[in-house]
Amino acid sequence: MGGQWLRWLLLAVVLAVPALATTRYFAVTGTNQNPCTEALPCLTAGPYEAELQPGDRLLFRRGDTFRGTQFQLLPVRSGTADAPLYYGAYGQGAKPVLDSGDPTFAGGGGADGLKAVTTDWLVIEDLAFVGWGSALDLRGVRDVVVRRVQSTGGSSE
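Residues numbered from 1 in each chain as written. Predicted model: local features only at pLDDT ≥ 70, side-chain atom pairs only at ≥ 80, totals over all residues. Heavy atoms only, no water.

A. Here's a closer look at the sheet that holds strand β1 (residues 23–26). Strands sit in the order β1-β2-β5-β8-β11 across an open sheet of 5 strands; the sheet is parallel. Every interior strand has two partners, whereas the edge strands, β1 and β11 (142–147), have only one. Each strand axis lies, on average, 15° off the axis of its neighbour in the sheet, ignoring direction. The sheet contact formed by strand β8 (residues 120–125) and β11 spans 5 bridges and is parallel. Its bridge partner lying in β11, E125 is registered against R147. (Pairing = 2+ DSSP bridges. Helix = DSSP H or I, 4+ residues; strand = E, 2+ residues; numbered from the N terminus. Axes fitted to C-alpha atoms, helices over the stretch in contact; angles between N-to-C directions.)

This is the structure:
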């Protein structure tokens, strides 16, 4: 009986501890074989967006221009009121530029800079979007905060 009680107690402790949020760093000098730390950043966020959990942060190095990239949050990837998903900048200098490409990208219409459909609890801050699609396509998104974001080249929704 004592072993059963200990297992239940251990399970309750594990379930009570919230998942730790992850911060991933990106720089044009990084590679996706790196651990996405500030010292060893990754290059592209795409491989990691499907893994986002509430409270996760994707940070792009200031002064860098990330080209040909569309960021897409899947409908199942949402933050919470206490732990929103966060897209932002780190380091010193100009805002990171996320360039979604030219008009031939994404079937001729150009890609959106960040596309979030039916995603909740999202913060987008200190980024610059360039491209031919919408800088931010936030259809169906609730509880989103957009601060100090620039957009050129396309439309902004």
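B. Here's a closer look at the environment of E38. Assignment of secondary structure puts E38 in the loop between β1 and α2 (46–49). Remark: the alpha-carbon pair of E38 and Y90, spanning 52 residues in sequence, is separated by 8.7 Å.

C. Representation of the nonpolar core. Ranked by internal contacts, the top residues of the largest apolar core, which has 21 residues, are F26, F60, Y87, L114, L122, I124 and L138. Only β2 (57–61), β5 (85–90), β7 (114–116) and β8 provide two or more residues apiece to this core. When sequence neighbours within four positions are dropped, the list of residues in contact with L138 reads L114, A116, L122, I124, V144 and V146. Core analysis: the next-biggest nonpolar cluster, separate from the first, contains 6 residues, Y25, A27, Y86 and Y90 among them. (Core = buried A, V, L, I, M, F, W, Y, C linked by side-chain atoms within 4.5 Å. Buried < 20%, exposed > 50% of the residue type's maximum accessible area, 1.4 Å probe, protein only. Contact = heavy atoms within 4.5 Å.)

D. Seen up close, the packing of aromatic side chains. Under the defined criterion, the tally for this structure stands at 4 aromatic pairs. On the numbers, 4.9 Å between centres and 85° between planes, the contact of Y25 with Y90 is edge-to-face. With Y25 in strand β1 and Y90 in strand β5, the pair connects residues that are 65 residues apart, well separated along the chain. For the pair Y25 and Y90, one class covers both residues: buried. Look at F26 and F60: their rings are 5.2 Å apart centre to centre, the planes differ by 25°, and that puts the pair in the stacked class. (Phe/Tyr/Trp six-rings, centres within 6.5 Å; stacked < 30°, edge-to-face > 60°.)

E. Local environment of the pattern of salt bridges. A full pass over the atoms with the stated rule returns 7 salt bridges. The closest approach of N and O atoms between D64 and R61, which form a salt bridge, is 3.0 Å. A relative accessible area of 25% places R61 in the partly exposed class. A salt bridge links R147 to E125; its shortest N-O distance comes to 2.6 Å. Separated by 22 residues along the polypeptide, R147 in strand β11 and E125 in strand β8 bring together distant segments of the chain. (Salt bridge = Lys/Arg side-chain N within 4 Å of Asp/Glu carboxyl O.)

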